[in-house]
Amino acid sequence: MNLKYFTRTAAVIVAAVLLLPACKLRQAYTRPDVKTDSLYRAAYTADTTTIANLSWKQMFKDAQLQALIQEGITNNYDLKIAVARIKQADANLRQAKAAFLPTLSVGPQYTRQKVAATQGGNLGFTPENVYAITGNASWEIDIWGKLSSAKRGSLALLLQSYANQRAVQTKLVADIATNYYNLLAYDKQLAITQQTVANRKEDVETNKALKLANRVNEASVAQSEANRYAAEVTIPDLQSSIRQTENAICVLIGRHPGSVERNVLDAQQIDTTLQIGVPAQLLSNRPDVQQAEYNVRYYFEQINVARAYFYPSLSITAEGGWQSSTVGDLFKSATIFGNIVGNLTQPIFNKGLNKQRLQLAKAQYEENVATFQQTVLDAGREVSDALYSYKAVEDKAVTRKLQLDAWFRSVDYNRELLKNGYVTYTDVLTSEQGYLSAQLSSVNDRLQQLTSLVTLYQSLGGGWK
């Protein structure tokens, strides 16, 4: 076969492809309907400014907390797993792109055969050696967009893996900050409890002195001792909580369990205006919402791929090389051979596989559309809950301060009255227990305020920038 004939044949096949009836099988992707109006309960604003656009360094000003978050982003294993998945998705996309290119293989061949020949009227067989170097090429032409849709699906999976990485980092930042604030709250509660124990030791001594002066009886001494032990017995639990929270933070930052450097609860300042933007911004700010939509896009493209299987597929295969009975003559022009074949295959009966493939793709698409819409709905609920939780702390802050002041004065007055014999120790006990409970509740209020802020920041999509 000469080169001119080979080229002419290829041109005929390409012309046949161009003459095939055009059919726009692939549909363009559009985002599924999702309602974002009134997604935030009792929070209406047209201002698009949102704390989600703040970097985590801008959001969290505590230097020790910033150091822990940075260490977590560098060393956290969940984040490393997410990065590995990005690499996998990128490799899949490269494979999808490679499907557009022809395949080519080259290899030497050797054949020893016997050829029938007549010599002197007798039929005989003469051995013959055949040496060849053969090249094979095949190319599937993407007439109906099957390969293009598969490539777009692989791209959606790659983007989904990037969104997953952002979602993992957002959760990581929030988890480190939440555990950090829990740790500071435990520290504060431990300090309050230890001071309370010290105060109640003094009460015991006071009651012993009053008993000697016949102002109280042995029951008051016993009550004061029991009151002291009631506070002291909670210290091991608080210390255990501190240790467990330190260990949890260490795991998050990829470190062996151990102590964690930290600030104090009273040093935490909130100087950020809580701007939440508009609900529609969740579609671009929240990584889990982005992740859910990229899954929708992937399965949408699988529908396009499934449709393409109902139509003919066209492939071109070519074979060529050199063939000779001797190695020395192998690369002479006379030994060149080649052929090119175009295959047009129309599926007729394949046990319903194509129909089932399309039904499966449509069902998977519907599932992921519902998942996407549910993810948006959950995102709105999380923002609404965090906003209300933060507001609830603000609403009770004044009342809590008044409660603390009242219990403090009650303890002080009752101690003085006890010394002068006007009240029993039961009155002092009631005041002290009320004051301790109010102090611990005040710490919980502060913790709720800080963790609500973290939750709001995460629910709006902050933490990955």
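How each quantity is defined
- Residues numbered from 1 in each chain as written.
- Predicted model: local features only at pLDDT ≥ 70, side-chain atom pairs only at ≥ 80, totals over all residues.
- Heavy atoms only, no water.
- Phe/Tyr/Trp six-rings, centres within 6.5 Å; stacked < 30°, edge-to-face > 60°.
- Helix = DSSP H or I, 4+ residues; strand = E, 2+ residues; numbered from the N terminus.
- Buried < 20%, exposed > 50% of the residue type's maximum accessible area, 1.4 Å probe, protein only.
- Lys NZ or Arg CZ within 6 Å of the ring centre and 35° of its normal.
- 1 Å grid on protein atoms, 1.4 Å probe; cavity = no way out; pocket = protein on both sides within 12 Å on 5 of 7 lines; lining within 4 Å.
- Points joined across faces, edges and corners; volume = space filled by probe spheres on them.
- Nonpolar A, V, L, I, M, F, W, Y, C, P; charged D, E, K, R; others polar.
- Expected span 1.5 Å × (residues − 1).
- Arc of directions from axis to C-beta.
- Contact = heavy atoms within 4.5 Å.
- Polar contact = N/O pair within 3.5 Å; in protein donor to acceptor, adjacent residues only side chain to side chain.

What to know about the packing of aromatic side chains
Point 1. Per the counting criterion, the structure on display carries six aromatic pairs.
Point 2. For the pair Phe-60 and Tyr-457, a centre-to-centre distance of 5.7 Å together with 90° between the ring planes defines the contact as edge-to-face. Here Tyr-457 lies in helix H11 (residues 425-459) and Phe-60 lies in the loop between helix H2 (56-59) and helix H3 (63-75), a separation of 397 residues in the sequence. Here the two residues Phe-60 and Tyr-457 agree in accessibility, since each one is buried.
Point 3. When the centroid spacing of 4.9 Å and the interplanar angle of 80° are considered together, the rings of Tyr-298 and Tyr-299 count as edge-to-face.
Point 4. Members of the aromatic cluster, connected to one another through ring pairs, are Tyr-29, Phe-300 and Tyr-365.
Point 5. Between the NZ or CZ atom of Arg-166 and the centre of the ring of Trp-464, over which it lies, the distance is 5.2 Å.

Some remarks on the layout of surface pockets
Over the atoms rolls a probe the size of a water molecule, and in doing so it shows where empty space is left.
Point 1. Of the voids in this model, the largest pocket is the one considered here, and its volume is about 340 Å³.
Point 2. Arg-400, Leu-404, Ser-442, Asp-445 and Arg-446 are, among the 17 residues lining the largest pocket, the residues nearest its centre.
Point 3. Elements with a minimum of two residues in the lining of the largest pocket: helix H5 (146-212), helix H10 (353-419) and H11.
Point 4. Among the elements that take part in the lining of the largest pocket, H10 stands out by supplying seven residues, more than any other.
Point 5. Of the residues in the lining of the largest pocket, the class split is six nonpolar, three polar and eight charged.

A closer look at H3
Point 1. If you check H3, its first and last C-alpha atoms are 18 Å apart, about what 13 residues at 1.5 Å a residue would give, namely 18 Å.
Point 2. The complete set of buried residues in H3 reads Leu-65, Leu-68, Ile-69 and Gly-72. Buried residues in H3, looked at end-on, bunch into an arc of 100°, giving them a common side.
Point 3. Buried residues belonging to H3 abut H2, H5 and helix H7 (235-252).
Point 4. Regarding H3, its N-cap is Asp-62, as a side-chain oxygen of that residue lies 2.8 Å from the backbone nitrogen of Gln-64 further along.

Some details on the environment of Arg-381
Point 1. Here Arg-381 is to be found in helix H10.
Point 2. Assessed through its relative accessible area of 43%, Arg-381 is described here as partly exposed.

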